[in-house]
Amino acid sequence: MKSIIFIAPPAAGKGTQAKLVTEKYGIPHISTGDLLRAASNGDDELSITISKLLSEGKLVSDDLVLELLKERLEQFDCENGYILDGFPRNLTQAKKYEEILSNINMELGIVIFIDLAREVAQERISGRLSCPKCGAVYNSSIEGSMPIKENICDNCGTTLIHRNDDDITTYGIRYQTYMKDTVPLLDYYQTIHKLYVVDGNKSKDEIFKEITDIIDNNQ
Ligand code: AMP
């Protein structure tokens with residue numbers, strides 16, 4: 001199993017699909033958003049800076065994200081592959097990531113783009129619920145994406161929250177950043193024949209089926 005990068009507009013279902021892939025293939029789900037949310041919990045200056053950027057929907061510095069990611073990739077559970085959700089967010093991160101990979105003798109693997117129009121993704125944020133402990137994502141407005149017990153995480157029993165960057169104004173900022181910084185990655189990965197596109201308008205199960213077909217064909 002190699003590494004899998006998920007690229008999608010904010011709130012297009014990356015986290016949901018990443019969790020399903022983790023369950024099926026037993027590889028860890030690494031969300032840089034989750035790593036940063038964990039790093040923003042302290043009351044030191046760095047935590048406060050990260051927390052402010054997150055709540056404004058702005059990207060955190062490449063160096064900091066790369067440092068957190070490098071630390072995470074060195075853990076033993078990443079040896080057989082992993083899913084990257086929310087990284088890379090721009091070309092600098094993509095290039096630096098390749099340097100990290102070559103240092104640890106890992107291959108780039110595949111890049112899966114979940115394609116979804118802004119209007120549809122934006123509409124989903126109002127129902128989106130996240131687990132602050134394990135990072136699981138639910139959606140009270142999407143059939144099949146609701147927690148079994150209202151407002152409680154199926155995985156760990158923690159009370160779910162509505163992320164404070166999941167509002168329309170912050171979504172607009174996150175989407176602009178995505179268009180400007182992240183979308184150019186699609187051309188980059190297409191050029192090096194690593195890109196696979198999945199239609200994000202399909203149901204959760206259909207999308208998952210497409211993703212697993214891509215993974216299985218690339219083992
Ligand atoms: P996400 O959970 O992927 O929606 O990310 C939430 C927020 O974390 C983003 O709006 C950024 O502020 C920050 N973030 C996540 N991943 C990255 C990254 N790779 N580079 C910079 N900032 C990031």
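The rules behind these values
- Throughout, a residue's number is its position along its own chain's written sequence, starting from 1.
- This being a predicted model, a pLDDT of at least 70 is required before a residue's local features are given, and a value of 80 or more before pairs of side-chain atoms are given or counted; all residues contribute to the totals for chains, interfaces and linings.
- Side-chain metrics in this entry use all non-hydrogen atoms of the structure; hydrogen atoms and water are not considered.
- Counting from the N terminus, the helices are DSSP H or I runs at least four residues long and the strands are E runs at least two residues long.
- Note on contacts: a residue pair is in contact if any heavy atoms of the two residues lie within 4.5 Å.
- Side-chain atoms within 4.5 Å are what join buried Ala, Val, Leu, Ile, Met, Phe, Trp, Tyr and Cys residues into a set we call a nonpolar core.
- Remark: exposure states derive from per-residue accessible area (1.4 Å probe, protein chains only) relative to the maximum for the residue type, with buried under 20%, exposed over 50%, and partly exposed in between.
- Here, proximity means that at least one heavy atom of the residue falls within 4 Å of the molecule or strand.
- We get accessible surface area from the Shrake-Rupley algorithm with a probe of 1.4 Å; when it comes to residues, only the shown protein chains can shield them.
- Side-chain classes follow a simple rule in which Ala, Val, Leu, Ile, Met, Phe, Trp, Tyr, Cys and Pro form the nonpolar group, Asp, Glu, Lys and Arg form the charged group, and the remainder, Gly included, forms the polar group.
- Any two of the Phe, Tyr and Trp rings considered here, Trp counted by its six-membered ring, make a pair once their centres fall within 6.5 Å; the pair's planes then place it as stacked at under 30 degrees, edge-to-face at over 60, or tilted in between.
- To sit over a ring, a charge needs its Lys NZ or Arg CZ within 6 Å of the ring centre and within 35 degrees of the ring normal.
- To count toward a patch, a residue needs a relative accessible area above 30% and no salt bridge. Like charges then connect within 9 Å, nonpolar side chains (Val, Leu, Ile, Met, Phe, Trp, Tyr) within 5 Å.
- What makes a salt bridge here is a side-chain nitrogen of Lys or Arg within 4 Å of a carboxyl oxygen of Asp or Glu, nothing more.
- We score Asp and Glu as negative and Lys and Arg as positive, and we do not count His or the chain ends.
- The location of each charge is read from NZ of Lys, CZ of Arg, CG of Asp or CD of Glu.
- Residue-level confidence of the predictor is what pLDDT reports, using numbers from 0 through 100.

Peer 1: Just to check I follow, could you spell out the environment of P132 for this structure?
Peer 2: Structurally, P132 is set in the loop between β5 (128–130) and β6 (137–139). As for P132 and K2, which are separated by 130 residues in sequence, their C-alpha atoms are 28 Å apart. When neighbours within four sequence positions are excluded, P132 is seen to be in contact with T158, T159, L160 and I161.

Peer 1: Could you clarify how one ought to interpret the nonpolar core in this entry?
Peer 2: One recurring pattern in soluble globular proteins: nonpolar side chains tend to sit buried together. Grouped together as the largest cluster of nonpolar side chains are 55 residues, with contacts concentrated most on I4, I7, V21, Y97, I112, Y189 and I211. With residues up to four places along the chain from it excluded, the contact list for I112 reads I4, I5, F6, I7, Y196, V198, I211, I214 and I215. Among the nonpolar cores identified, the runner-up in size contains 6 residues, and L129, A136, Y138 and L160 belong to it.

Peer 1: Please explain the site of the ligand as it appears in this structure.
Peer 2: Around the ligand sit 16 residues in total, of which T32, R37, K58, G86 and Q93 are the nearest. Starting from 480 Å² of accessible surface for the ligand in isolation, the protein chains cover 97%. A per-class count over the shell around the ligand returns 6 nonpolar, 4 polar and 6 charged.

Peer 1: Would you explain the environment of V198 in this entry?
Peer 2: Structurally, V198 can be placed in strand β7 (residues 195–199). Exposure remark for V198: the relative accessible area of 0% places this residue in the buried category. Through-space distance from the C-alpha of V198 to that of L116 is 9.0 Å; in sequence the pair is 82 residues apart. The residues touching V198, leaving out its near neighbours within four places in the chain, are I112, F113, I114, D115, I207, E210, I211 and I214.

Peer 1: It is not clear to me how the packing of aromatic side chains should be interpreted in this structure. Could you clarify?
Peer 2: Two measures describe an aromatic ring pair: the distance that separates the ring centres and the angle between the ring planes. According to the stated counting rule, one finds 4 aromatic pairs in the structure shown. Taken together, a centroid distance of 6.2 Å and an interplanar angle of 25° make the contact between Y171 and Y175 stacked. Taken together, the residues Y171 and Y175, both in helix α7 (residues 168–182) and 4 residues apart, mark about one turn of the helix. Y175 gets classed as buried once you look at its relative accessible area, which sits at 12%. Here the aromatic rings of Y175 and Y178 are separated by 5.6 Å at their centres, their planes lie at 50°, and the arrangement is tilted. Remark: Y178 and Y175 occur in helix α7; sequence separation between them is 3 residues, near one turn of the helix. Neither Y175 nor Y178 differs from the other in exposure class; each is buried. Among the aromatic residues, those joined into a cluster by ring pairs are Y171, Y175 and Y178. Positioned above the aromatic ring of Y25 is the side chain of K24, whose terminal nitrogen or guanidinium carbon lies 5.6 Å from the ring centre.

Peer 1: Help me out: how do you make sense of a negative patch on the surface in this one?
Peer 2: Taken together, D115, D199, D205 and E206 make up a surface patch of like negative charges. Along the chain, D115 falls in strand β4 (residues 110–115).

Peer 1: Just to check I follow, could you spell out the confidence of the model for the protein chain for this structure?
Peer 2: Detail in the predicted coordinates should be disregarded across regions flagged by low pLDDT. Across the protein chain, the average pLDDT comes to 93, with 100% of residues at or above 70. Mean pLDDT in the protein chain bottoms out at β6, which sits at 88, and peaks at helix α8 (residues 184–191), which reaches 98.

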